[in-house]
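If you want the building blocks of each chain, they are given just below.
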Amino acid sequence: NTNTWNNAPDFNSLPQIFQTIFAQAAADSNGGGVGPNGELFVNIQGSRPGQGSQEDQIFIDRFCNTVEEGINPTTTTTTAAPTTPPRTTPSPQDIAQPDTLPDIPPPSTITNDNDNTPRPTTSINICYVAININDADGNQFLNQEEYAAFADQISGRQFN
């Protein structure tokens, strides 16, 4: 199955790890939320230069690294900062509560031998571009359909 945006796979046909990444990001008070009809979204403010707060930029960097970890699992990982409770707690019929979702691996990093500074395995700028390309309505939030298109694109079309 494909969705109508960007000929991407339907959200429900994504591998479970990618559905979980989206659900956990949507439940994060720094970057997610639930719309008035129970629809989940990921706030992508901070993915454009000069946009968003430092917290927004940290969230987007962590989100990009987590998606990369889902695509290319590695053995060299760092521990991600704990997330805070969701902005809007959805009712059980809208979505599984965040504490019932399986843990996702923390973002992977590689180390520059010259200074031992962790470096993301995918260029954050590439992730930022893919996020913004797939924000079909330009509202600075990725819904499930837009996220499925983003995940498919950033993975090199592995799911289509």
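Our subject in this report is the structure included herewith. Owing to the predicted nature of the structure, the values given are computational and were not obtained by experimental measurement. (Residues numbered from 1 in each chain as written. Predicted model: local features only at pLDDT ≥ 70, side-chain atom pairs only at ≥ 80, totals over all residues. Heavy atoms only, no water.)

1. Let's talk about the state of the cysteines
What we call a disulfide is simply a covalent bond connecting the sulfur atoms of a pair of cysteines.
Part 1: Inspection of every chain in the model, using the stated rule, returns one disulfide.
Part 2: Paired through a disulfide, Cys64 and Cys127 show a sulfur-sulfur distance of 1.9 Å. A torsion of -85° about the S-S bond marks the disulfide between Cys64 and Cys127 as left-handed. Of the two residues, Cys64 is situated in helix H2 (residues 54-71) and Cys127 in helix H3 (residues 124-133); the sequence distance between them amounts to 63 residues.
Part 3: Taking the relative accessible area as the measure of exposure, Cys127 reaches 2% and is therefore buried. (Disulfide = S-S within 2.5 Å. Helix = DSSP H or I, 4+ residues; strand = E, 2+ residues; numbered from the N terminus. Buried < 20%, exposed > 50% of the residue type's maximum accessible area, 1.4 Å probe, protein only.)

2. Brief notes about the nonpolar core
Part 1: Grouped together as the largest cluster of nonpolar side chains are 29 residues, with contacts concentrated most on Phe18, Phe63, Val67, Ile131, Tyr147 and Phe150.
Part 2: For this core, the secondary-structure elements that each account for two or more residues are helix H1 (16-26), strand S2 (40-43), H2, H3 and helix H4 (144-154).
Part 3: Sequence-distant contacts of Ile131, defined by excluding residues within four places in its chain, comprise Ile44, Ser47, Ile60, Phe63, Cys64, Leu142 and Phe150. (Core = buried A, V, L, I, M, F, W, Y, C linked by side-chain atoms within 4.5 Å. Contact = heavy atoms within 4.5 Å.)

3. Here we look at the packing of aromatic side chains
Part 1: With the rule as written, the count across this model stands at nine aromatic pairs.
Part 2: Consider the rings of Phe41 and Phe141, whose centres lie 4.8 Å apart with planes at 75°: the pair is edge-to-face. Here the residue Phe41 occupies a position in strand S2, and Phe141 occupies one in strand S5 (residues 141-142), the gap between them amounting to 100 residues.
Part 3: When its relative accessible area of 24% is taken as the criterion, Phe141 is described as partly exposed.
Part 4: When the ring of Tyr147 is compared with that of Phe150, the centres are 6.2 Å apart and the planes differ by 45°; the resulting orientation is tilted. Placement of both Tyr147 and Phe150 in helix H4 is noted, with a separation of three residues, approximately one turn of the helix. For the pair formed by Tyr147 and Phe150, the shared burial category is buried. (Phe/Tyr/Trp six-rings, centres within 6.5 Å; stacked < 30°, edge-to-face > 60°.)

4. Quick look at the packing of H3 against H4
Part 1: Relative orientation of the contacting elements H3 and H4 amounts to 145°, with a least axis distance of 9 Å. Of the two possible hands of crossing, H3 and H4 adopt the one that is right-handed. Contact residues: Ile126, Cys127, Ala130, Ile131 and Ile133 in H3; Phe150, Gln153 and Ile154 in H4.
Part 2: Class assignment for the residues of the contact of H3 with H4 results in seven nonpolar, one polar and no charged. (Axes fitted to C-alpha atoms, helices over the stretch in contact; angles between N-to-C directions. Left-handed = near helix turned anticlockwise from the far one by under 90°. Nonpolar A, V, L, I, M, F, W, Y, C, P; charged D, E, K, R; others polar.)

5. Describing the side chain of Asp135
Part 1: By secondary structure assignment, the location of Asp135 is in the loop between H3 and S5.
Part 2: One buried charge, Asp135, has no salt-bridge partner; the nearest side chain with opposite charge is Arg48, at 4.9 Å.
Part 3: Here the side chain of Asp135 touches Gln140 through a polar contact of 2.9 Å, landing on its backbone nitrogen. (Lys, Arg positive; Asp, Glu negative; His and termini not counted. Salt bridge = Lys/Arg side-chain N within 4 Å of Asp/Glu carboxyl O. Polar contact = N/O pair within 3.5 Å; in protein donor to acceptor, adjacent residues only side chain to side chain.)

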